[in-house]
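This is what each chain is made of:
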Amino acid sequence: MLCRSLKLLLIMLFDRRFETFMTAALIGIGLSACKPAPELVEPILKKSEKRSETLNYYNPEPVGRSFEGQPWISHIATIDLDQDGRLDVVGCEAKDDEVFWLRQSAEGSFEELTLAEKMNGPVHVDAVDMDKDGDLDLLIASMSVIFPNNDRIGFVYILENDGKQTFKRHTILENVMRVSDVRAGDFNGDGELDLAVGQFGYDQGRILWLERTGLWKFKSHDLLDLSGTVHVCVADYDGDGDEDIAAQVSQQWEEIHLFLNDGRGNFTGKTIFGSTNEDFASSGMSLGDLNQDGRPDLLFTNGDGFGPTPLPGSRPWHGVQWLENLGSGNFEYRRLGYLPGAYSPVQCDLDQDGNMDVLAASCFNDWFQPKHESLMWFRNNGDMTFSPRILAYEPTHLLTLAVDVFDDSGKPWIVSGAFHAWPPYEKMTRLSIWKPHP
Amino acid sequence: MRSLQHAVSIALGIVSIFLLASCGSGNREFVLESIPERPTLSGWPERLHQRIESAELQAMSGGNPVESLVKLARLYHANGFYEEASQCYQGLITLQSKEAKWPHMLAEILSSYGKLEDALPYRELVMKLDPEYIPAMVRLGDVYLKQNKANEAEKVYTRVLKQDRDNPYAQLGLARLDIASGDLENAQQRLEAATRKTSLRIGSDLLATVYEKRGLNSLAAAIRGRAKSSGTFTDIPDTWLFEIYFESFNTYQMAVAAGMADQSGDSAACIRLLNQAIQLSPRDAYLHFQLGLVYLRIGIDYQALKSFEETAKLDPKFSDAWFQLAQLKSKEGDIVAATQTIATGLYHNPDSPSLRLVNSERLNAIGDLSGSIKEAETAIELRPEEADSYASLAALYFSSEQTAIGVELMKKALERESLHPFALSTMAFYSISTGQEKDARQYIRKARLQPRLPVGDLKHLETSFRQKFGKMP
């Protein structure tokens, strides 16, 4: 304001040449002396600072069967499959086409059993009682071929449990774009579980829901035709009493879509997150309630390392973030921090301080170099700020995580699965159980 | 009056000199405020330390502090220090308020994290400062699109098309809006325009979907049949952004940027950037390999050969380099050299399925069937999840009239990839010729789902079926 007044005074008093000179001089320096200090954008956590090591807080132990070659564990989930009161793990081995069960036979003791073979590249498993007979059936999403392929080779299976953990396979979808996720929910309010399906495909893809029309019969309803769906998460996001669907879409789109249900299976879609960076590399999404306000939030990672180079690797923007549910279908983006090659965000209260933390794994990191983080804990400081803590540098190539309480201690354990599809093929693991340091 | 004016003139002259001096000092002060705290640079090349230090010193005491801040911003941005770069750009936006590049760069950083809300005011500022820079306009349209602001997005994309009538990215954005509003006919027209402009690179993925939705299945199949996976989309070339990567010391990020440039059709820029990366890291075999692939794609085989040779020399366990070398030598007709290359490659990489398969092909070509079969079997052991190895081995058994084994292997290929085109067509033909009507019908039915199977081959199968069984499959 002072500068403007002085300039005005000079213009009024002096001849045109002087005015021009003064004006030019003032413009030339951009009125800089009068400028406010720059407003910094919301800080983006630095890569090399503000992180600390908390090594040995949790220690990994291999679990499950021994292996040869390179394991491709594509997904794991914790569930008490046989409902014996002890938590188990179910998972998918994409290369061996198997769905497996890591049964907790005695406290802390696990045996691995194969539940289903020839499952065509399974990449996601979820447990739910689809036929209301009191046992847990398994929903399986299968891609057939994990690496880029645009053929209609995807499958959705339901493995029907006979109550003794012997499973009968029902093929729900076949000859469709590669399926990356399937979850259950009653979308039309008829009391029967329907399915939400994400078809990654490759060049073409789709998000859809399958309306239950019979015990193992479904009718398909398209929601959005975009390639690259990674995950679909079912919850009542707008608090209106019915189940909605959120879908994370990668490829060149890099968006998260929300499909709000009117309770009768009529969905209205909108975008609740997007990046204009086609290399953003969306890699996983899960449900949580980080601020414990009762509204379901969405945690998501970006860390898919594939790109226009022969070697997959990290990017400066890889990391972990969440969408805070503000109610009525509105969300706010919040970044938690940097994690190269980030995958599998999981909410948990790791230190049991009553605040929800976030755990995430790294699958694409510079594993040729020592000391690149493979397991990261974003510790909630209690005020919804998060401190990144490196829990481990190995095992490497971790694609999937689950966290749950497996024993009477009440302390959570971590389960990790590794996906060794690119070098270096060293320090390989398959499944690990991480227990807290005594 | 004149003397009064003279006196005031002198007084104000003194004031203005003081003002200028204070403003100049403020200018530098402002630059100083915009210089970020230096991040930890351990592990980075000494030259980056020096360049950052030099830019900081120049900003603090040199003749052109603003230009030094520009240098610092570019250095931080190019090397992935985005918080530091953002701080510099914030300062530059104020210091050079008419320069569109700075809000664009800041918006790019924010958007790369998905911070579209934060990026939006900067995107809008760029549009005001330089309404002719199309990549920035497209980005603004994309931000609106992703924020569910359809009207705003449409306005921006339409404005792009006024300047660049066939801009494929604006057409793609508008097509997405059309799809969202249910206007598939308009979406089709826009996507066809985008694909025409870019030889199917931009928009073809969505166009195939739109064709299917409109019942134009043969047109969709024509697109889908072009590749197992095309992934042809590439981001809009952004020269303002791309040029900063020449300031980079992070050779991996340079390789990523080079790859993006290549995919966008700018192989010259890609090669320049890769060569610069190689200068920084001459022993990085991956950089040489990537360069070789670029040369191979643009048809400069002798340069590709040199790059692959360098890759193999630096890392003999880089099996793909040996594979590419062998292919190039075969292409030249130098069978002896190709054979030697495969042998040397396998010596260093006995567990390479691709080298095993190429050796299998070589042995088959010289009539060593048993050797060829053995190599294909090894390839399967090494990578049992892949259908191609089974199909290759099956073909060897078929050609040696050991059909039963070939059939079993083809079935295994189809277990791994249910629409494998070669396995499907072979099994369909085999089923027809052996009179297995039910099987033949099933294979043909599946073959119809495989757009990569040439239309002529499918028709031939259908004709053979009709001739054999007297009815349509």
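See the structure printed just above.
Numbers given for residues are sequential positions, taken from 1 along each chain in its written order. A letter from A marks each chain and a number from 1 marks each ligand, given out in the order of writing. With pLDDT at 70 or above as the cut-off, local features in this predicted model cover only qualifying residues; side-chain atom pairs require 80 or more to be listed or tallied, and sums for whole chains, interfaces and linings still use all residues. Note that water and hydrogens are dropped before the side-chain values are worked out from all heavy atoms of the structure.

A. Highlighting the pattern of salt bridges. Residue and element names in this part refer to chain A. A pair is scored as a salt bridge if a Lys or Arg side-chain nitrogen falls within 4 Å of a carboxyl oxygen belonging to Asp or Glu. Considering all chains together, one arrives at 51 salt bridges over all chains under this definition. Between Glu-98 and Arg-65 there is a salt bridge, and its shortest N-O distance comes to 2.9 Å. Of this pair, Glu-98 sits in strand S5 (residues 98-106) while Arg-65 sits in the loop between strand S2 (58-63) and strand S3 (73-79), and the two are 33 residues apart along the sequence. Remark: exposure states derive from per-residue accessible area (1.4 Å probe, protein chains only) relative to the maximum for the residue type, with buried under 20%, exposed over 50%, and partly exposed in between. Given the relative accessible area of 11%, Glu-98 is considered buried. With a shortest N-O distance of 3.5 Å, Arg-295 and Asp-293 are connected by a salt bridge. Relative accessible area serves as the criterion here: at 35%, Arg-295 is assigned to the partly exposed category. Residue class for Asp-293 comes out partly exposed when judged on its relative accessible area of 33%. Overlapping salt bridges bring together Arg-65, Asp-96, Glu-98, Glu-112 and Arg-430 as one network. Secondary structure is summarised from DSSP: a helix means a run of H or I of at least four residues, a strand means a run of E of at least two, and numbering begins at the N terminus for each.

B. Up close: the nonpolar core. Residue types Ala, Val, Leu, Ile, Met, Phe, Trp, Tyr and Cys, when buried and joined through side-chain atoms within 4.5 Å, form a set referred to as a nonpolar core. Membership of the largest hydrophobic core comes to 94 residues, with the highest contact counts inside it found for Leu298(A), Leu323(A) and Tyr89(B). Ranked by size, the runner-up nonpolar core spans 47 residues in total, among them Val232(A), Met137(B), Tyr157(B) and Leu191(B).

C. Spatial organisation of the sheet that holds strand S13 (residues 206-214) of chain A. All names here are of chain A. Any two strands between which DSSP finds at least two bridges are classified as paired. With antiparallel pairing, the four strands of this open sheet are ordered in space as S11-S12-S13-S14. The open sheet has two free edges, formed respectively by strand S11 (179-185) and strand S14 (217-224), since each of these has just one partner strand. In this sheet, neighbouring strand axes are inclined to one another by 25° on average, regardless of whether the strands run parallel or antiparallel. In terms of strand pairing, strand S12 (residues 194-199) meets S13 through five bridges, oriented antiparallel. Across the sheet, the residue bridging to Leu-195 is Leu-210, located in S13. Lines fitted to C-alpha atoms define the axes, with helix axes restricted to the stretch in contact, and inter-axis angles between N-to-C directions lie between 0 and 180 degrees.

D. Up close: unusual backbone geometry. Residues and elements named next belong to chain A. Backbone torsion omega between Glu-394 and Pro-395 reads 5°, so that peptide bond is classified as cis. Summarising the element assignment, Pro-395 is placed in the loop between strand S26 (386-392) and strand S27 (398-405). Cis rather than trans, the peptide bond between Pro-423 and Pro-424 has omega equal to 0°. You can see Pro-424 is positioned in the loop between strand S28 (412-418) and strand S29 (431-436). Look at Gln-352: it is not a glycine, yet its phi comes out positive at around 50°. With respect to the helices and strands, the residue Gln-352 is situated in the loop between strand S23 (342-348) and strand S24 (357-362). In this structure Gln-352 comes out as partly exposed when scored by relative accessible area, which is 42%.

E. Quick peek at the packing of aromatic side chains. All names here are of chain A. Under the pairing criterion, centres of Phe, Tyr and Trp rings, with the six-membered ring standing for Trp, must be within 6.5 Å; the plane angle then separates stacked pairs below 30 degrees from edge-to-face pairs above 60, leaving the rest tilted. One pass over the structure, following the stated rule, counts 34 aromatic pairs over all chains. Geometrically, the ring pair formed by Phe-147 and Phe-306 is edge-to-face, given 5.8 Å between the ring centres and 80° between the ring planes. Separated by 159 residues along the polypeptide, Phe-147 in the loop between strand S8 (137-142) and strand S9 (154-161) and Phe-306 in the loop between strand S20 (297-302) and strand S21 (319-327) bring together distant segments of the chain. The class of Phe-147 is partly exposed, set by a relative accessible area of 28%. Where Phe-155 meets Tyr-157, the ring centres are 5.3 Å apart and the plane angle is 10°; that geometry is what we call stacked. Here Phe-155 matches Tyr-157 in class, with each residue buried. Three or more aromatic residues joined by ring pairs form one cluster here, namely Trp-72, Phe-147, Phe-306, Tyr-343, Phe-364, Phe-419 and Trp-422. For a ring to carry a charge above it, either NZ of a lysine or CZ of an arginine must fall within 6 Å of the ring centroid while also lying within 35 degrees of the normal to the ring plane. When the ring centre of Tyr-157 is taken as reference, the NZ or CZ atom of Arg-169 above it lies at 4.6 Å. Above the ring of Phe-100, the side-chain terminus of Arg-430 is found at 5.4 Å from the ring centroid.

Interpretation note: all reported values are geometric properties and have no functional meaning in isolation.
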